[in-house]
Amino acid sequence: MSEKESEDVRIGVFVCSCGTNIGGLIDVKALAEYAKTLPNVVFTEDNLYTCSETGLTQIKNGIKNHNLNRVIVASCTPRTHEPLFRDCVEEEGVNQYLFDFVNIRDQDTWCHQKYPKEAFDKAKDLIRMGVARAARLEALENIIVDATPTALVIGGGVSGMTAALSLANQGFETHLVERENELGGRLKTLYKLFPIDLDAQTLLDNLKKNIKGNKNLKVHTSAQVKNIEGFIGNYEVVLEENGINIDLTIGVIVVAVGASLLTPTGYFGYDGKIRITQHELESKLQNNEVKAKDIVMIQCVGSRNDERTYCSSVCCMTALKNALIIKENNPESNVTILFRDLYTPGTYYEDYYRRARETGVIFIEYSPEKIPIVKEHQIKVHNEYLGEEILIPYDLCVLSTPLVSNNDNKALAQMIKVPLGEYGFFLEAHVKLRPMDFATDGIFVCGSAKWPVDITESISQGYAAAARASRIISHDTIEVEGATSFLPDYNKNLCTGCEVCIKICPYNAISKNEDDEIEITQVLCKGCGLCGATCTNHAIIIRHYTDQQILSEIYAYGGKEV
Amino acid sequence: MELNSRSVLIIGAGIAGIQAALDLGDMGIKVHLIEKNPVIGGKMAQLDKTFPTLDCSICILAPKLSECYRHPNITLYTLSEVNNVEGTIGNFTVDILKHARYVKEDVCTNCGDCASVCPVRGVPNYFDANLKTMAAAYIPFPSAVPPVYIIDKNSCVYLNYGICGLCAKACGAEAIDFSQKDEILEINNVGCIIVASGYGLLEDVSPLTNYGYGKYKNVVTALEFERLICASGPLEGHLKRLSDGKDPKKLAFLQCIGSRSDRDKKYCSSICCMYTTKAAMISYEHNNDLESYVFYIDMRAGGKGFQTFLRRGSDEYNIKYIKSKISHIDVDEDDTPIITYEDYDTSEIKQMKVDLAVLATCIIPSQGIEKLADILGIELNNYNFVKTNPFLPVETSVEGIFTCGCAREPMDIPRSVAEASGAAARAAEVIKGG
């Protein structure tokens, strides 16, 4: 930056109270006053909520009235709020990369709740560092790329079929990939579906019929994704279908690979004969093979324990459904369900639970400290009401086991570069407000691949993923962040060709070109900075996080002018 | 293009309606978003934090509110309700009844001068569960969208008696307009409709007298509690007993109030087990000496990370879960609630004295759903939620009218958000697929 430009830097600092999240602990007015004393700062203000329409208007007025060319907001977190403020400054004609966020909530008042004085001092440090950095920020442009209006849905279960159908119905060329030789996934193996006891086959046939009649939808069975390269709007996908490779250019990807069943080997004397899983019971019921009179079901087998703490959420309803079918086939039979907390949320499911009780299914609660003991023909369980142990005879014991994540999730996750979370399920971008998105743009998730869900939720999530994907491919182009890494021509002589950057890049954005020179694909780069930090000769520069920008913050913290 | 000129009308601007609007807007489809309240955000805006991430609710919602307000494809109609619908899928005509705000939306600067001069005080603020009062010129909360004041028709002196008008004199922007009238707006070429009208709570229609609610000051509902612990609420986040202002040391959270019951509603409200744990956690964060007791029937925590959340509750936040059924609540001479309950583990009738009792009241269909259903011609189920088929979860009984979120079934925020996107996808199929 030249002398002249540096003189012209005009920074505005807006300090947010965030209700009482920040203002309740530290004095935001005093912070705004402090910011006024810092170099290049020409205007400061404090707001109750800088992110409110009022706050945004105050920023815009600040830019207009004080001719600001750098804006700092000291508030919550860039994670949720940076896009908002960037848009706001752009609207007033300031390049969005000349906005900078200082995090004084998540990284200050929240984590130092018991130390208001220290938190205040830290906020001053953070703002001083932010101001130093802001003076060295450079205007950048976002990168705009073309988007291919096609979608790939991985997994042909109920969620994947639903997502693919919706995308195809919206007019997008959609490819549905299923590794088995038929569509259907888990739905193929189910008998009836709660809570209206519809034949699973009827739902499946209906979906298949709609898929068959859709000209935009191409089904690939006995097929697997072999390789995926590229980026949002422009994925190069290699499928292997019946041993033949197919190349596709794809705009967006939906992961709908579902979940797996747990075989409860070692639990409650499981033998697959008279001590079976709900899933095994289901096929016996379908073939009318259940002759037992005394049936005992045990819930939470292999779940909600130390090894697997989660609730699989579908097993209670499955048990109720199968219990009702047994009672209907043979009203004389005794069906007992041993449960911990019966999971039947909402209207339809709670009604279903009532129906099961009214039909005569017996419910006995057990606690994890006193788990049932399965003997050869009897089950011993502590009855909390009676305060004593009782023995229940059985000729069929049914174990309700959880859905678990697929073993090969990891390989797929690595291929498409998305994270897995707890227990190997796919991890969405934000559990609350971005349930179908991955942090990586252009890739979405639905159904039990993310967390165990029933058919109803698999369907609504399938639609949901289709909507999120459609947002991207409804447009001809996509805009991605301009804060990327690059190797400027003047630094090329510094590069020794060691290739550490190629190996370390998590997004496969770096390669060597024909001239054996390092090349960084700008649209793939997420600006994470690993390459720049690892480059032994400092040849790679990270835009928006240049060495000068970062050093200026460090010097500002230490009190040294640069 | 003919097809794309068709828009989608969304009824209700809570988190579900907002999500559906943003998804459709981002696809390039025009959206009309109708909200009966003066501001958007629905129930989520009233919550303090959200489970299981403990994100501050308004903090993660506010960017979406602003996005909705600024989105080029979304037109917002606040203080509005659907008055009439004609037509069929692909071509509905909708009449909107837009109530007068008495403040010009495009002129108001949200400065609050009108409220500070307004001589009327003590108007209960619905947003703060009526625990806080305001002037007749008001905005329900500081970061509200649209950022425009409103004049309460029922309590404004000028509108009722023709005298005063101080706010109009004080308003530098000249935004006050007493001549505004309720008006009917006709929206043509609506391709489909999404019903995202959300939910009400049992206290809206029932006095809850069994539990001493309304009679005992230290018995509050869960939504009131959200406002009481919220930094922007009536106590500015410093939880106190409402009878004597003392810091509570022992809290009771009573689950299934009016739900899973033959006397009231038979169904389960789905979200209370989790929000109760969250509320107890936040209370503990405010005061580490605090202990919380949760009286529950079944702990329903099937969502992602929910069981881990409950474990954290008991391991780190001094929450004790008691499997039980509540009989009733009395108070002692200090207005301290005494809870009588049956302990399921021992089958004994027991009592517990607590400083504050919080009622997890049943979720009910939103007020006015029967009228809306009548106008739209859609069926409701036997609990008056919008009727859906489990395998067509976002379709109503009328083709081209979709639904999502708590309008059809009690559910939490992630599920409402997912369903809203789902309804958006179905609407996009109609608009784009033709």
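Here the residue numbers are simple positions, counted from 1 along each chain's written sequence. Written order decides the labels, with chains lettered from A and ligands numbered from 1. Local features in this predicted model are restricted to residues whose pLDDT is 70 or higher, and side-chain atom pairs enter the listing and the counts only when it is 80 or higher, whereas totals over whole chains, interfaces and linings include all residues.

### Some thoughts on the overall build of chain A
And then number 1: For the purposes of this entry, the term helix denotes a DSSP run of H or I that reaches at least four residues, the term strand denotes a run of E that reaches at least two, and both are numbered from the N terminus. In terms of regular secondary structure, chain A is built from 16 helices and 30 strands.
And then number 2: Oriented by its inertia axes, the alpha-carbon framework of chain A measures out at about 90 × 60 × 40 Å.
And then number 3: We call a residue exposed when 12 or fewer other C-beta atoms sit within 10 Å of its C-beta, buried when the count reaches 20 or more, and partly exposed for counts in between; the C-beta positions come from the backbone. Looking at chain A as a whole, 49% of its 562 residues are labelled buried.
And then number 4: Contacts in chain A between residues at least 24 apart in sequence constitute 69% of all its contacts with a sequence separation of at least 6. By the criterion used throughout, residues are in contact when their C-beta atoms, derived from the backbone, lie within 7 Å.

### Details of the overall build of chain B
And then number 1: Helix and strand counts for chain B come out as ten helices and 22 strands.
And then number 2: Just to be clear, the radius of gyration here is over C-alpha atoms, and the globule rule we use is 2.2 Å times residues to the power 0.38. Relative to its length of 434 residues, chain B is compact, with a C-alpha radius of gyration of 23 Å against a globular reference of 22 Å.
And then number 3: Its C-alpha atoms give chain B principal-axis dimensions of about 70 × 55 × 35 Å.
And then number 4: Going through the 434 residues of chain B one by one, you find that 55% of them count as buried.
And then number 5: Considering only residue pairs separated by 6 or more positions, chain B has 67% of its internal contacts joining residues 24 or more positions apart.

### Focus: the nonpolar core
General note: in soluble globular proteins, nonpolar side chains tend to be found buried as a group.
And then number 1: Judged by nonpolar contacts, the single largest core of 315 residues is most densely connected at V254(A), I194(B) and V358(B).
And then number 2: Looking at this core, the element that brings in the most residues is helix α10 (residues 413-433) of chain B, giving eleven residues. Note on terminology: a nonpolar core is any set of buried Ala, Val, Leu, Ile, Met, Phe, Trp, Tyr and Cys residues joined through C-beta atoms within 7 Å.

### Comments concerning the interface of chain B and chain A
And then number 1: Tallying the contact residues gives 67 residues for chain B and 63 residues for chain A.
And then number 2: If you list the elements that add at least two residues to the side of chain B that touches chain A, you get α1 (15-26), β4 (55-56), α2 (57-70), α8 (306-316) and α10 of chain B.
And then number 3: Nonpolar residues are Ala, Val, Leu, Ile, Met, Phe, Trp, Tyr, Cys and Pro. Charged residues are Asp, Glu, Lys and Arg, and all others, Gly as well, are polar. Tallied by class, the residues present in the side of chain B that touches chain A amount to 33 nonpolar, 18 polar and 16 charged.

### Some words on the domain arrangement of chain B
All names here are of chain B.
And then number 1: What fixes the domain bounds is an automatic or database domain assignment. Annotation of chain B at the domain level lists domain 1 (3-98 + 182-198 + 366-433), domain 2 (113-170) and domain 3 (202-363).
And then number 2: Measuring from the centre of the C-alpha atoms in domain 1 to the corresponding centre in domain 3 gives 31 Å.
And then number 3: The interface of domain 1 with domain 3 comprises 14 residues on the first partner and 21 residues on the second.
And then number 4: Here the side of domain 1 that touches domain 3 is built from residues that sort into nine nonpolar, two polar and three charged.

### So, the sheet that holds strand β11 (residues 223-231) of chain A
Residue and element names in this part refer to chain A.
And then number 1: Note on pairing: two strands pair once DSSP finds at least 2 bridges between them. The three strands lie next to each other as β11-β12-β13, forming an open sheet whose pairing is antiparallel. Two strands close off the open sheet at either side, each with one partner strand: β11 and β13 (244-250). Sheet twist, expressed as the mean angle between neighbouring strand axes with direction ignored, is 20 degrees.
And then number 2: For strand β12 (residues 234-241) and β13, the ladder comprises seven bridges, and the chain directions are antiparallel. In this analysis an axis means a line fitted to C-alpha atoms, helices contributing only their contacting stretch, and an angle means the value between N-to-C directions, from 0 to 180 degrees.

### Concerning the sheet that holds strand β18 (residues 337-343) of chain B
What holds strands together in a sheet is hydrogen bonding between their backbones, with the strands either parallel or antiparallel.
Residues and elements named next belong to chain B.
And then number 1: Strands sit in the order β14-β20-β15-β16-β17-β18-β19 across an open sheet of seven strands; the sheet is mixed. In this open sheet, the two edge strands, each paired with only one partner strand, are β14 (219-221) and β19 (348-353). Each adjacent strand pair in this sheet contributes to an overall mean axis angle of 40 degrees, direction not counted.

### Observations regarding the environment of A123(A)
And then number 1: As for its placement among the helices and strands, A123(A) is situated in helix α6 (residues 116-135).
And then number 2: When sequence neighbours within four positions are dropped, the list of residues in contact with A123(A) reads I26(A), L31(A), I104(A) and D108(A).

### A short note on the domain arrangement of chain A
And then number 1: By domain assignment, chain A separates into domain 1 (3-140), domain 2 (150-259 + 405-478), domain 3 (262-402) and domain 4 (481-543).
And then number 2: Look at where the C-alpha atoms of domain 1 of chain A and domain 2 of chain A centre, and you get two points 42 Å apart.

### Re the packing of helix α9 (residues 278-286) of chain A against helix α10 (residues 315-329) of chain A
All names here are of chain A.
And then number 1: Orientation of α9 relative to α10, taken along the N-to-C sense of each, is 30 degrees, at an axis distance of 11 Å. With respect to α10, the axis of α9 lies roughly parallel. Read as a crossing pair, α9 and α10 show a hand that is left-handed. On the side of α9, the interface is formed by Q278, L281, E282 and L285, while α10 contributes C315, T318, A319, N322 and I325. An angle counts as roughly parallel when it lies under 35 degrees, as roughly antiparallel when it exceeds 145, as roughly perpendicular when it falls between 65 and 115, and as oblique in every other case. Less than a right angle of anticlockwise turn of the near helix away from the far helix marks a crossing as left-handed, whereas a clockwise turn marks it as right-handed.

### A word on the environment of E180(A)
All names here are of chain A.
And then number 1: Looking at the secondary structure, you find E180 in the loop between β7 (173-177) and β8 (192-193).
And then number 2: The class for E180 is partly exposed, based on 13 C-beta atoms found within 10 Å.
And then number 3: Sequence spacing of E180 and A223 is 43 residues, and the spatial spacing of their C-alpha atoms is 7.2 Å.

### Here's the deal with helix α7 (residues 158-169) of chain A
Residues and elements named next belong to chain A.
And then number 1: By definition here, a helix of n residues has an expected span of 1.5 Å times n minus one. Taking 1.5 Å per residue, twelve residues should reach 16 Å; α7 reaches 16 Å between its end C-alpha atoms and fits that length.
And then number 2: The element α7 is largely enclosed, with a buried count of twelve among its twelve residues.
And then number 3: Among the residues of α7, V158, S159, G160, M161, T162, A163, A164, L165, S166, L167, A168 and N169 are the ones counted as buried.

### Regarding the packing of α1(B) against α10(B)
Residue and element names in this part refer to chain B.
And then number 1: Axis separation between α1 and α10 bottoms out at 8 Å; the angle between their running directions is 40 degrees. It follows that α1 is oblique to α10 by the angle criterion. In this structure, α1 crosses over α10, and the sense of that crossing is right-handed. Facing I15, A16, Q19, A20, D23 and L24 of α1, the residues of α10 in contact are I413, S416, V417, E419, A420, S421, A423, A424, A427 and A428.

### Overview of the environment of S312(A)
Residue and element names in this part refer to chain A.
And then number 1: Residue placement: S312 occurs in the loop between β17 (294-298) and α10.
And then number 2: Taking the C-alpha atoms as reference points, S312 and V453, 141 residues apart in sequence, are found 7.7 Å from one another.
And then number 3: Residues in contact with S312, not counting those within four places in the same chain, are S303, P402, L403 and P452.

### Thoughts on the pairing of strand β5 (residues 74-77) of chain B
Residues and elements named next belong to chain B.
And then number 1: Residues of β5 alternate between two faces, with I74 and L76 buried on one and T75 and Y77 left unburied on the opposite face.
And then number 2: Note that strand β2 (residues 31-34) and β5 share four bridges and pair parallel. Its bridge partner being in β5, L33 is matched across the sheet by L76.

### Considerations on helix α16 (residues 547-558) of chain A
Residue and element names in this part refer to chain A.
And then number 1: Between the first and last C-alpha of α16 there are 16 Å, a value that for twelve residues agrees with the 16 Å anticipated at 1.5 Å per step.
And then number 2: The set of residues buried in α16 consists of S552, E553 and A556. Buried residues of α16, seen end-on, are gathered within an arc of 100 degrees and therefore sit on one face of the element. Every exposed residue of α16 that faces more than 90 degrees away from the buried side is listed here: D547 and G558.
And then number 3: As for α16, its buried residues are in contact with α6.
And then number 4: Just beyond α16, the residue with positive phi is G559, at close to 90 degrees. The directions considered for the arc run from the helix axis to the C-beta atoms.

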